[in-house]
Amino acid sequence: MSLLVVGSIALDSLETPFGKKEDVLGGSATYFSTSASFFGPVQLVAVVGEDFPEAHLQFLRGRGIDLEGLTREAGRTFRWKGKYGWELNEAQTLDTQLNVFESFSPNLPQAYRETPYVFLGNIHPELQSRVLDQVKAPKLVAADTMNFWIQGSRAALLKTLQRVNLLFINDAEARQLSGEHNVVKAARAILAMGPSRVVIKRGEHGALLFDQDHIFACPAFPLSEVFDPTGAGDTFAGGFMGTLATSSSGKVDGQLLRKAMVMGSVMASFTVEKFSLERLREVQRPEIHARFNEFKKLTHFDDLGPLDAVAGSR
Ligand code: AMP
């Protein structure tokens, strides 16, 4: 089944302890759609400016991503400048230039309006809502957001959240959104804002999936080389939503959601190994399968049996 994404397409300038890059391909919709394209068809809604290199569009087309919903407008492409310290877990935003996003109003092609799985990537929450106004009865609406919008457009974000089934958010932003320091309390507070599920991403410490009754934890894949965490969250969401949208049963149950968490972590683990989308450009399906299998070994302990020693003591 198809998957629709709206989000940013960006030219990023990045600084990590391992180097600097200027005006490289980035953006929430870019990472998401590239990651999801390994699973099935993706329809993209976004805007770029006159300065956006054609070669980047060729790359997205080459991945089979449907660009009918992408427009090129007069003006400059969205730009984001970020920096990471040794911790690598949290980006410090140095500059955000909305540029063509300032006057963008998404108009969905007819073919996108009945798409069952919708991902509202990190972008102005009003634009996220405008996309939802145009889709007919989606099966699942997921969204992502960040501190920029939590702080600057909180009221609009809270409105959008009422229409969202699943929110992806990192731990610092979950605290900021909920006003709760404890991650479990923060998740409960977010569930009360509308979504029936929330995924809290914790960088190298993995991700937690919450609904009213359950919590599922998935680690991040332990890597010996982490170069640039930019896009890890969107790549995670792409793997997660790609897994849901292409499931043969079509039933979004606990087992499928756990698999989606693992596939999100698998895909994100590739993104961080190189700058920008460099690693996602070259990764091949057999590597994805191999990492999924390594992930299973990493977390599997069903075969340990019951804890007799503890159960038998006082
Ligand atoms: P992630 O590291 O997955 O959270 O997302 C990184 C991407 O988000 C970068 O490539 C940026 O271009 C993009 N980004 C940063 N700030 C914003 C913003 N305020 N709105 C939309 N996209 C953004």
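Residues numbered from 1 in each chain as written. Predicted model: local features only at pLDDT ≥ 70, side-chain atom pairs only at ≥ 80, totals over all residues. Heavy atoms only, no water.

Trainee: What is the right way to read the site of the ligand from this model?
Mentor: Close to the ligand lie 18 residues; Ser-8, Asp-12, Gly-27, Gly-231 and Asp-234 are nearest. A distance of 3.3 Å separates a nitrogen atom of the ligand from a polar side-chain atom of Trp-149. In the environment of the ligand, an oxygen atom lies 2.8 Å from a nitrogen or oxygen atom belonging to the side chain of Asp-234. Relative to its unbound accessible area of 510 Å², the ligand is 89% covered by the protein chains. Elements represented by at least two residues in the shell around the ligand include exactly strand 2 (10-16), strand 6 (78-83), helix 4 (147-152) and helix 8 (232-245). The dominant element in the shell around the ligand, judged by the number of residues it contributes, is helix 8, at three residues. Its residues assigned to classes, the shell around the ligand comprises nine nonpolar, seven polar and two charged. (Near = heavy atom within 4 Å. Polar contact = N/O pair within 3.5 Å; in protein donor to acceptor, adjacent residues only side chain to side chain. Areas by Shrake-Rupley, 256 points an atom, 1.4 Å probe, with all protein chains shown as cover. Helix = DSSP H or I, 4+ residues; strand = E, 2+ residues; numbered from the N terminus. Nonpolar A, V, L, I, M, F, W, Y, C, P; charged D, E, K, R; others polar.)

Trainee: Any chance you could explain helix 1 (residues 28-36) here in plain terms?
Mentor: Because each turn of an α-helix spans 3.6 residues, side chains separated by three or four positions in sequence point in the same direction. With nine of nine residues buried, helix 1 lies mostly within the body of the structure. Of all the residues in helix 1, the buried ones are Ser-28, Ala-29, Thr-30, Tyr-31, Phe-32, Ser-33, Thr-34, Ser-35 and Ala-36. (Buried < 20%, exposed > 50% of the residue type's maximum accessible area, 1.4 Å probe, protein only.)

Trainee: Quick question: what am I supposed to make of the nonpolar core here?
Mentor: Soluble, globular proteins show a tendency: their nonpolar side chains are buried together. Core analysis: the biggest nonpolar cluster contains 56 residues, and Ile-9, Leu-44, Phe-168, Val-199, Phe-240, Met-241 and Leu-244 have the highest contact counts within it. The dominant element in this core, judged by the number of residues it contributes, is helix 9 (residues 254-271), at 10 residues. Setting aside residues up to four positions removed in sequence, Val-199 forms contacts with Leu-166, Leu-167, Phe-168, Ile-169, Ala-207, Leu-208, Leu-209, Phe-236, Phe-240 and Met-261. Membership of the second largest hydrophobic core comes to 44 residues, among which are Phe-104, Val-183, Met-193 and Leu-208. (Core = buried A, V, L, I, M, F, W, Y, C linked by side-chain atoms within 4.5 Å. Contact = heavy atoms within 4.5 Å.)

Trainee: Sorry, what's going on with the sheet that holds strand 5 (residues 66-72) here?
Mentor: Through backbone hydrogen bonds, the strands of a sheet pair up, either in parallel or in antiparallel fashion. The sheet built from nine strands is open, its strands ordered 5-4-1-8-9-10-11-12-13 with mixed pairing. The strands lining the two open edges of the sheet, one partner per strand, are strand 5 and strand 13 (215-218). Mean inter-strand twist for the sheet, computed between neighbouring axes without regard to direction, equals 15°. Across five bridges, the pairing between strand 4 (residues 42-48) and strand 5 is parallel. Looking across to strand 5, one finds that Val-48 is bridged to Arg-72. Contacts between helix 9 and the sheet are confined to strand 10 (166-170), strand 11 (197-201), strand 12 (207-210) and strand 13, with strand 13 contributing the most and set at about 25° to the helix. (Pairing = 2+ DSSP bridges. Axes fitted to C-alpha atoms, helices over the stretch in contact; angles between N-to-C directions.)

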